[in-house]
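Per-entry structural report
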Amino acid sequence: MSETVLSKLDLQKLDDTISGYISKKMVPSLSALLNEEIKFSSTKTSELSFENMSDIIPHTNTDSKDVGVYVTCNGEIKFGILFHLKLSDAKKLASKLMGTDESENLSVDGKSAVAEIGNILAASFFNIVNEETGMQMMSGVPGLAIDDAATLIETPIMETALSNTFIHSFGELHCVDSKIIIYASIFQDPDDALKFV
Amino acid sequence: MSENGTKILVVDDASFMRTVLKDILKSNGLATEIIEAADGVEAVRQFITHRPDLITMDVNMPKADGLQALKGIMKVDHTARVIMVTSVEQKHIIQDAMKSGARDYIIKPFDKGSVGLVLNKALRAK
């Protein structure tokens, strides 16, 4: 098990890097997909232990289910990206993409559309990691789940955190016209996070 | 081209992406018949059954991925026209596909104009 611990400076550098990657690639991709302006400020990166898991649950609505799309990346660097939305936002997203009304239930095609958005956004991130670092990686098939927020973040943490702590980078993508908010979380083991720094 | 028009096989595990591509094919007037497959295994099966003029092949799929399906199709017919569809624009993936017989590739999210050009070019080639 890794005993790597990132310094404050490492975490800041990592945060700047990931924030830059999201800004340069993920934001324009989402904007092109939805044909609207996307607002993104910056990410917040921290090193956490499993006991701190509850600190990183996005504050959507604890009374309702949320939608998570999870994509893994393996190869010379390993990490997981979770895109997280309120169910109502996921329905809005699906409706917008397909031109159908998904306000009642998220249909099979609606889920497919939301999962594909996660897939494309994750790929835009992988592309810039490859461009900037030269590291080769392969993305997994995206998985979509509808569950409470705490359950949605368990899988990424369990899969990517090999050591006692894990690195979590979090950002919010705000769609200006549709008011959809997509929470993007990147999970890494500290050893992999150091490859970015 | 087939005597009865242009037949295109659209392969992607995401039904949404198949719909997007079908819409692009229809709006560009590129296909008279569109067949679909949701994974690499089904892609090869549909190719054998329908012998389409062109195949759009997603790279990242469950069961058999796009590269495996491409190789499977090339074994059946090395003249098949396959266009890879990827959201991960990594040279080694694209190079592998081109070496295995793919004619070209398109990147998600799609630019409708560019997609139309790539597919049209592939259909006109021998």
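The structure presented is a predicted model; accordingly, all values stated were derived computationally and were not measured.

1. Description of the pattern of salt bridges
- For the structure on display, the rule yields twelve salt bridges over all chains.
- When the shortest N-O distance is used, the salt bridge between Glu37(A) and Lys39(A) registers 3.1 Å.
- According to the relative accessible area criterion, Glu37(A) is partly exposed, its value standing at 47%.
- Ionic contacts of the salt-bridge type, sharing partners, join the residues Glu116(A), Asp12(B), Asp58(B) and Lys108(B) into one network.

2. With respect to unusual backbone geometry
- The omega torsion of the bond from Lys108(B) to Pro109(B) falls at -5°, within 30 degrees of zero and hence cis.
- In the Ramachandran plot, Lys179(A) falls in the positive-phi region, its phi being about 65° despite a non-glycine side chain.

3. With respect to the interface of chain B and chain A
- The interface of chain B with chain A comprises 16 residues on the first partner and 21 residues on the second.
- Each partner contributes to the roughly 1600 Å² buried at the junction of chain B and chain A, and carbon and sulfur atoms together form 55% of this total.
- On inspection of chain B and its partner chain A, the count reaches one salt bridge.
- Across the salt bridge formed by Lys108(B) and Glu116(A), the nearest N and O atoms sit 2.6 Å from each other.
- The interface formed by chain B and chain A holds seven residue pairs in polar contact (both at pLDDT 80 or more) in total.
- Of all the secondary-structure elements, those providing two or more residues to the side of chain B that touches chain A are helix H1 (15-27) and helix H4 (91-99) of chain B.

Thresholds, definitions, all that
- Residues numbered from 1 in each chain as written.
- Chains lettered and ligands numbered in written order.
- Predicted model: local features only at pLDDT ≥ 70, side-chain atom pairs only at ≥ 80, totals over all residues.
- Heavy atoms only, no water.
- Salt bridge = Lys/Arg side-chain N within 4 Å of Asp/Glu carboxyl O.
- Buried < 20%, exposed > 50% of the residue type's maximum accessible area, 1.4 Å probe, protein only.
- Contact = heavy atoms within 4.5 Å.
- Buried area = accessible area lost by both parts, 1.4 Å probe.
- Polar contact = N/O pair within 3.5 Å; in protein donor to acceptor, adjacent residues only side chain to side chain.
- Helix = DSSP H or I, 4+ residues; strand = E, 2+ residues; numbered from the N terminus.

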